[in-house]
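Spelled out, the chains give:
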Amino acid sequence: MMKAIRQFSAVAAAVLVSIAPGSTIRGAPQAQNASAAAETARPAAHDGQHDFDFVIGTWKSHVRRLQKPLTGSTSWIEGDATVSVRKIWNGRGNLEEIELTTPAGHLEGLTLRLYDPQARQWRLYWANASQGVLTSPVSIGEFRDGRGEFYDQEAFNGKIVLVRHRFSGITPKSYHFEQAFSADRGQTWEANWIADVTRTSDEPIAPSLSAEDRNPDFDFNIGHWDVEVKRFTNPLSGNSKWTDWKGTGEIAPVWNGRGSVAEFELDGPTGHLQGVGLRLYNPEAKQWTISWANSRDGAIGAPIVGDFKDGRGDFIDLEEFNGRQIFVRNDFSKIMPDSCYFEQAFSGDNGRTWEANWLMTFKRRR
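Here goes a summary of the coordinates provided. (Residues numbered from 1 in each chain as written. Predicted model: local features only at pLDDT ≥ 70, side-chain atom pairs only at ≥ 80, totals over all residues. Heavy atoms only, no water.)

**Let's talk about the overall build of the protein**
As a reminder, the rule being used: Numbering of helices and strands runs from the N terminus; a helix is a DSSP stretch of H or I covering at least four residues, while a strand is a stretch of E covering at least two. Relative accessibility thresholds used throughout: buried, under 20% of the residue-type maximum; exposed, over 50%; partly exposed, between the two (1.4 Å probe, protein chains only). Contacts are residue-level and defined by heavy atoms, with any inter-residue pair within 4.5 Å sufficient. With residues, only the protein chains shown are counted as cover, and all accessible areas are computed by Shrake-Rupley using a 1.4 Å probe.
Broken down by element type, the protein carries two helices and 20 strands. Burial statistics for the protein: of 366 residues in total, 44% are counted as buried. Pairs at least 24 apart in sequence give 47% of the contacts found in the protein among residues at least 6 apart. When the accessible surface of the protein is summed, it comes to about 19200 Å², and 50% of that surface belongs to carbon and sulfur atoms.

The following block contains the structure:
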C-alpha cells in the first residue's frame, strides 16, 4: 500500500544537471555562447508516456519458447495465448494479463508497466499466477524509432546473464515480441521467447471474479470508492503534523480474482498524487503480497507481505527510510459491505512501538 517515498536519486540528478555546466563555463563568455547554442540545437527529449498505447486491448498470440536456453539446443515448444491489456494512470502505465497453453502446460502471468517521467523510461514488472509475487529485477528501457527495448540482468543456471525484451513491427493490428539472453555481455543474443501478436478487440477483457480456486480475502475491496486520507507529513521525526487528502479509488480483479489492482487519485495540500497497488496471492505460501508505486517515478519497492485473520488484514516489511532500516505495517480493518479502513505505521525500534502515518477511510461510491 502506501510505501516509504524514495526521492533522493531524482533530486540528486536534478542538482547535478543544474550545477555541472556552471562549473565548466563560469567566466568564459565564448564557452557560454557555445553552450547556449548547443542547448538550442539539442532535440527535445522524447516524452514516452504514451509509447505503450498501441498495446491496449485484447490480442491473440502465437508463442514459441526455447526449452533449454544457452545450451545450444534448438528444441522449441509452441502454444497459443490470449492477452488482455488495460490502462493504468490514463496510459502512463498498463497491466497486461496473459493466459498461455502449450504441450508443456498452462501459464497465467501478468506484466505491470509503469512510466518514469523523470528518466523518460518504462519499468516492466512480471508475475506468475502460480507464485503470486512480482519477480525482480525490473526490466527498464524505452522506445526509439518505433521499437521498444528493455533490459535487466538476472541469474540463469548459475550464471549472470543480460536479458532483453524487444517490441517491434508495431501496427494498429499486430506487433512482434522477443525475449533474448546474452551470456557474453551483450555481444551476442539468443532469443528464447518469440511471440507474434494480433489484435482481436480494441477493448481489454472485462475483469471478473470467476476463478474457482481464488482466495476471496480482498473481494470486499473490489469496486469504486471515495477515500479520505490523513497523512503524517514527517514520520519518525518527533515534529510533524497531519494533512487531509481526498480522492477516489478503483479496485479491479486480475487473474479472474486471484489478485487485484488498486488505483488511487488523491488531492491535498501539496498537490495531486496517483498511485497503484498490486495485490497478488501466493497459493503455496498462503500469503498476499502488496506492491506499491506512485506516478512520480513508476518504481515499485519490496512487496509488503501478510494475510487475513478474523476479518483483518495485517502486512509487514522492512524498508529504508531517511537512511535507516525500519519496520512498515499495513492494516485493513473495520471491513463492511460499503466501507473499510486502512492504516500504515512505521516502527524505528524493530516493532516495539509503532507510529501511524497514513490513515485512509473507504466509502463505496453509489
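More follows now that the structure is in view.
**Topic: the pairing of strand β20 (residues 355-364)**
This is how it is decided: Here a strand pair is declared whenever DSSP counts at least two bridges between the two strands.
Both strand β11 (residues 223-232) and β20 contribute to a ladder of seven bridges, which runs antiparallel. The residue bridging Glu 228 from the neighbouring strand is Thr 361, located in β20. Two strands pair when backbone bridges link them, and strand β19 (residues 339-347) and β20 are joined in this way by eight bridges, in the antiparallel orientation. The residue of β20 that forms the bridge with Ala 345 is Ala 356.

**As for the sheet that holds strand β5 (residues 121-128)**
So the rule is basically this: Fitting a line to C-alpha atoms yields each axis, with helices limited to the stretch in contact; the angle taken between N-to-C directions then spans 0 to 180 degrees.
With antiparallel pairing, the 10 strands of this closed barrel are ordered in space as β1-β2-β3-β4-β5-β6-β7-β8-β9-β10. Ignoring strand direction, the axes of neighbouring strands in this sheet form an average angle of 25°. Pairing of strand β4 (residues 105-116) with β5 involves eight bridges; the strand directions are antiparallel. Looking at β5, one finds that Thr 111 is bridged to Trp 126.

**Focus on the side chain of His 165**
As a reminder of what qualifies: Polar contact is defined as a pair of N or O atoms within 3.5 Å, subject to the rule that within protein one atom must be able to donate a hydrogen and the other to accept it, and that residues adjacent in sequence are counted only when both atoms are side-chain atoms.
Mapped onto the elements, His 165 comes out in strand β8 (residues 159-168). Only 3.0 Å separates the side chain of His 165 from the side chain of Gln 179, close enough to count as a polar contact.

**So, the packing of aromatic side chains**
Stated formally: Only Phe, Tyr and Trp rings take part, Trp by its six-membered ring, and two of them pair if their centres are within 6.5 Å. Stacked means planes under 30 degrees apart, edge-to-face means over 60, and tilted covers everything else.
Taken as a whole and judged by the stated rule, the model has 35 aromatic pairs. Ring centres of Trp 59 and Tyr 175 lie 5.1 Å apart, and the angle between their planes is 75°; on these two criteria the pair is classed as edge-to-face. Within this pair, whereas Trp 59 is found in strand β1 (residues 57-66), its partner Tyr 175 is found in strand β9 (residues 174-182), the two being separated by 116 residues in sequence. On the basis of relative accessible area, Trp 59 is assigned to the buried category, the value being 1%. Tyr 175 gets classed as buried once you look at its relative accessible area, which sits at 5%. Site record: aromatic cluster; members linked through ring pairs are Phe 52, Phe 54, Trp 59, Tyr 115, Trp 122, Phe 143, Phe 150, Phe 167, Tyr 175 and Phe 177.

**Regarding the pattern of salt bridges**
What counts is decided by this rule: Throughout this description, the term salt bridge denotes a Lys or Arg side-chain nitrogen within 4 Å of a carboxyl oxygen of Asp or Glu.
Overall, the coordinates contain 18 salt bridges when judged by the stated rule. Glu 97 serves as the salt-bridge partner of Arg 86, at 2.5 Å between the closest nitrogen and oxygen. Here Arg 86, found in strand β2 (residues 76-88), pairs with Glu 97, found in strand β3 (residues 93-102); they are 11 residues apart in sequence, far enough to count as distant. Across the pair, Glu 97 and Arg 86 agree in class, each one buried. Among the ionic pairs, Arg 329 bridges to Asp 331, the shortest N-O distance being 3.3 Å. The exposure class assigned to Arg 329 is partly exposed, which follows from its relative accessible area of 23%.

**Considering the sheet that holds strand β17 (residues 312-321)**
Pairing in this closed barrel of 10 strands is antiparallel, and the strands run β11-β12-β13-β14-β15-β16-β17-β18-β19-β20 around the ring. Across the sheet, the mean angle from the axis of one strand to that of its neighbour is 25°, orientation sign disregarded.

**Section: the side chain of Ser 260**
Within the element layout of this structure, Ser 260 appears in strand β13 (residues 259-268). Look at Ser 260 and you get buried, because its relative accessible area is 2%. Residues contacting Ser 260, with those up to four places away along its chain left out, are Phe 218, Ile 222, Ile 251, Ala 252, Pro 253, Val 254, Gly 277, Leu 278 and Arg 279.

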